[in-house]
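Structural overview for review
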Amino acid sequence: MPKTSKIDIAERKISFKEYILKDIEDFVSLLNSFINTYGEIGNVSQYLIHSLRVKGWKIVSLIKLMSRLHNVHILKKYYTYTYQILKCFSNVRDMDMMIGLLNKEKSPRSLIKDFSVKRTKSMKTAYKKISKALDKYIQTTNEILEELNDPKYNITFKEIYKLFKIAYNEYLFAKISFLIEPSFELFDRLRAKLRNLKYVFPLFAVFFDNKKFFEEFIFLNNFQRSLNYFRDVRKLTEILSKTSLRVSRKKDFVESFLNSKRDIWKETVDNFKERNVRIDNRMNTLLRELKELYSKIYPEDRSRYDKIYEEIKQIAKQHGSDVNKNEKLANIAAKIYNNFDAANLIVKDPMEEFVLKCAAIIHDIGKSVSQESYYKASMEKFVTLDIHDIKTKEKLFIALVARYHTKSIPKYSHKWYTDLRENDKTTIIILSAFLRFSFALCTATNFSCDVTEIRFSRDGIKVIIDYPNSESITIDESDKMLLEKSVGFPISVELTSDLSV
């Protein structure tokens, strides 16, 4: 982070309109160039298509993030229209990339010519769609520029911090979802969130007047390009698989190409599992620096957390919970959480630690309603309780984390969870992961263990526990899975006697 005083950072502002204006003007100018050039010669260069897409994706990424801060209709409308314009060029871009791949693979010229024909058809379709929509799009562009004159779009450090945290958490949510159950759909969503994250850094460079943030932009851009390669190979494979091949030379090339790419999905997933840890580490370091600066500029009164925590303990006792056991669970979960923070696997947040501990205290208050589905009953009961000074969001988070401390994991079919924004879903998943793992340790040892040490290495994480009453314990893989996917490392449990689990 640049060495500037917190007073200077607190008072600094940049106009979002001034920041994005040139990109918007360039994008409209490139659209007009596309219309004029295609109208004259019936073709457009690959460079122009690439320039359009780069400008367009930067605009939609930033507008999408800005709409997270300001729920304004015109922001969403402009985002949608720009996204639709970009989609018109998708097939043209795909054909350009296919031709590039085929040239690199030294495919028959006749096959490349087939894709050139497809490019020409896609270009014509894009031209027709954009010609009809351009006037309406320019009108919407003028509306968004007028809206951005509002002083609320002057970005302060508080907005910078929020934008980064939102973008990073949305990426984490996509990453964890993908690692839990890899699929093409989640892979494409992951690439989109990575793109949104990378476009925060040029904004950082302007706000902090420091070009070092372009290093992070280049790092993320290169990583996204490696993911795009798989996407392009997959697209080419789909097209070739459906192509009628009568010429033997074409047929031989396609069979050879498909065989050579047979394992690319597995290779891509394995490569991502390895490389995403580097992103997490770098982004956590930056988030930690921003958070420390944020807490100095905007200090928070945390004393109310202690008061609410004590009140919640009394509520749990009134509902028949063994508060001593539950507090032991809360302390173990917090200890693991803080150790992971020290290793830069997560970035500690006082509110999140408060939510984690409170969820541990009330995780079983629903047993009086349903022994079998007590975790769900605990969630539903807790949100109905009257608790002094607690915020609605904090209350919902505590209820949801308690809901996922055992058995099921967060699903889109679950009420309340599915209505959260993706950056908030990330918080629920990560905190649930810590509580779930801690609860598994406690139940396996009848709440008689203590975490003595946590060792971190490239090979994984070892949680060392003191449990004198048994020679070994077993932790189910499902109880470690969420935490392992969240931080990117396998987790093992060992007793102080060094007996592996």
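Our subject is the structure listed above.
Residues numbered from 1 in each chain as written. Predicted model: local features only at pLDDT ≥ 70, side-chain atom pairs only at ≥ 80, totals over all residues. Heavy atoms only, no water.

Observations regarding the sheet that holds strand 5 (residues 491-495)
- Read across the sheet, three strands follow the order 3-4-5 without closing on themselves; strand pairing throughout is mixed. Among the strands making up the open sheet, the edge pair consists of strand 3 (450-457) and strand 5. Here the strands of the sheet are splayed against their neighbours by 25° on average, with no regard to which way each runs.
- Looking at chain direction, strand 4 (residues 460-466) and strand 5 are connected through five bridges and run parallel. Within strand 5, the residue paired with Ile-465 across the bridge is Leu-495.
- Helix 14 (residues 323-342) contacts strand 3, strand 4 and strand 5 of the sheet and is inclined by roughly 20° relative to strand 3. (Pairing = 2+ DSSP bridges. Helix = DSSP H or I, 4+ residues; strand = E, 2+ residues; numbered from the N terminus. Axes fitted to C-alpha atoms, helices over the stretch in contact; angles between N-to-C directions. Contact = heavy atoms within 4.5 Å.)

Considering the nonpolar core
- Counting 176 residues, the largest nonpolar core has Phe-34, Phe-164 and Phe-340 as the members making the most contacts within it.
- For this core, the leading source of residues is helix 7 (residues 157-180), giving 15 residues.
- Among all residues touching Phe-34, those that are not within four sequence positions of it are Val-44, Leu-48, Ile-49, Leu-52, Phe-89, Met-123, Ala-126, Tyr-127 and Ile-130. (Core = buried A, V, L, I, M, F, W, Y, C linked by side-chain atoms within 4.5 Å. Buried < 20%, exposed > 50% of the residue type's maximum accessible area, 1.4 Å probe, protein only.)

Examining helix 12 (residues 264-297)
- Between the first and last C-alpha of helix 12 there are 48 Å, a value that for 34 residues agrees with the 50 Å anticipated at 1.5 Å per step.
- Bending of helix 12 peaks at approximately 30° at the position of Lys-273. (Expected span 1.5 Å × (residues − 1). Bend = angle between axes of the 7 residues up to and from the residue.)

Looking at the pairing of strand 4
- Of all seven residues making up strand 4, five are buried, and the element is well covered by its neighbours.
- Taken together, the seven bridges between strand 3 and strand 4 define a ladder with antiparallel strand orientation. Across the sheet, Arg-455 pairs through a bridge with Lys-462, a residue of strand 4.
- Between the end of strand 3 and the start of strand 4, which pair antiparallel, lie two residues.

Examining unusual backbone geometry
- Despite not being glycine, Asp-209 shows a phi value in the positive range, around 55°.
- Here Asp-209 shows up in the loop between helix 9 (200-207) and helix 10 (213-241).

Description of the side chain of Thr-156
- When you line up the elements, Thr-156 lands in the loop between strand 2 (154-155) and helix 7.
- Its relative accessible area of 14% is what places Thr-156 among the buried residues.
- Setting aside residues up to four positions removed in sequence, Thr-156 forms contacts with Arg-12, Lys-13 and Phe-207.

A look at the packing of helix 2 (residues 16-41) against helix 4 (residues 73-88)
- Closest axis-to-axis distance for the helix 2/helix 4 pair is 13 Å, and the angle between their directions is 40°. It follows from the interaxial angle that helix 2 and helix 4 lie oblique. In the crossing of helix 2 with helix 4, the sense of the turn from one axis to the other is left-handed. Residues Ile-24, Phe-27 and Leu-31 of helix 2 lie in contact with helix 4, whose contacting residues are Tyr-78, Thr-82, Ile-85 and Leu-86.
- Taken together, the residues of the contact of helix 2 with helix 4 break down into six nonpolar, one polar and no charged. (Parallel < 35°, antiparallel > 145°, perpendicular 65-115°, else oblique. Left-handed = near helix turned anticlockwise from the far one by under 90°. Nonpolar A, V, L, I, M, F, W, Y, C, P; charged D, E, K, R; others polar.)

Digging into the packing of aromatic side chains
- In total, this model carries 37 aromatic pairs according to the counting rule given.
- With centroids separated by 5.6 Å and ring planes inclined at 50°, the aromatic side chains of Phe-164 and Phe-204 adopt a geometry described as tilted. Residue Phe-164 is found in helix 7, and its partner Phe-204 is found in helix 9; the two are separated by 40 residues along the sequence. An identical accessibility class is assigned to Phe-164 and Phe-204; each is buried.
- Geometrically, the ring pair formed by Phe-204 and Phe-213 is edge-to-face, given 5.4 Å between the ring centres and 85° between the ring planes. The residues Phe-204 and Phe-213 share a single accessibility class, namely buried.
- Every member of this aromatic cluster is reached through a ring pair, and the members are Phe-157, Tyr-161, Phe-164, Tyr-168, Tyr-171, Phe-201, Phe-204, Phe-207, Phe-208, Phe-213, Tyr-294 and Tyr-298.
- The side chain of Arg-12 reaches across the aromatic face of Phe-207, ending 6.0 Å from its centre. (Phe/Tyr/Trp six-rings, centres within 6.5 Å; stacked < 30°, edge-to-face > 60°. Lys NZ or Arg CZ within 6 Å of the ring centre and 35° of its normal.)

Quick word on the side chain of Asp-364
- Note that Asp-364 resides in the loop between helix 15 (350-362) and helix 16 (374-382).
- Summary of buried charges: Asp-364 has no salt-bridge partner, and the nearest side chain of opposite charge, Lys-367, is 4.7 Å away.
- At 3.0 Å, the side chain of Asp-364 forms a polar contact with the side chain of Asn-326.
- Residues in contact with Asp-364, not counting those within four places in the same chain, are Ser-321, Asn-326, Tyr-374 and Ser-378. (Lys, Arg positive; Asp, Glu negative; His and termini not counted. Salt bridge = Lys/Arg side-chain N within 4 Å of Asp/Glu carboxyl O. Polar contact = N/O pair within 3.5 Å; in protein donor to acceptor, adjacent residues only side chain to side chain.)

Some details on the pattern of salt bridges
- Going through the model one piece at a time under the given rule, you end up with 36 salt bridges.
- Two residues, Arg-231 and Asp-232, come together in a salt bridge whose shortest N-O distance is 3.6 Å. Each member of the pair, Arg-231 as well as Asp-232, is classed as buried.
- For Glu-477, the salt bridge goes to Lys-480, with nearest N and O atoms at 3.3 Å. Here Lys-480 and Glu-477 lie together in helix 19 (residues 477-487), a separation of three residues that amounts to about one turn.
- Residue Lys-480 is classed as buried on the basis of its relative accessible area of 10%.

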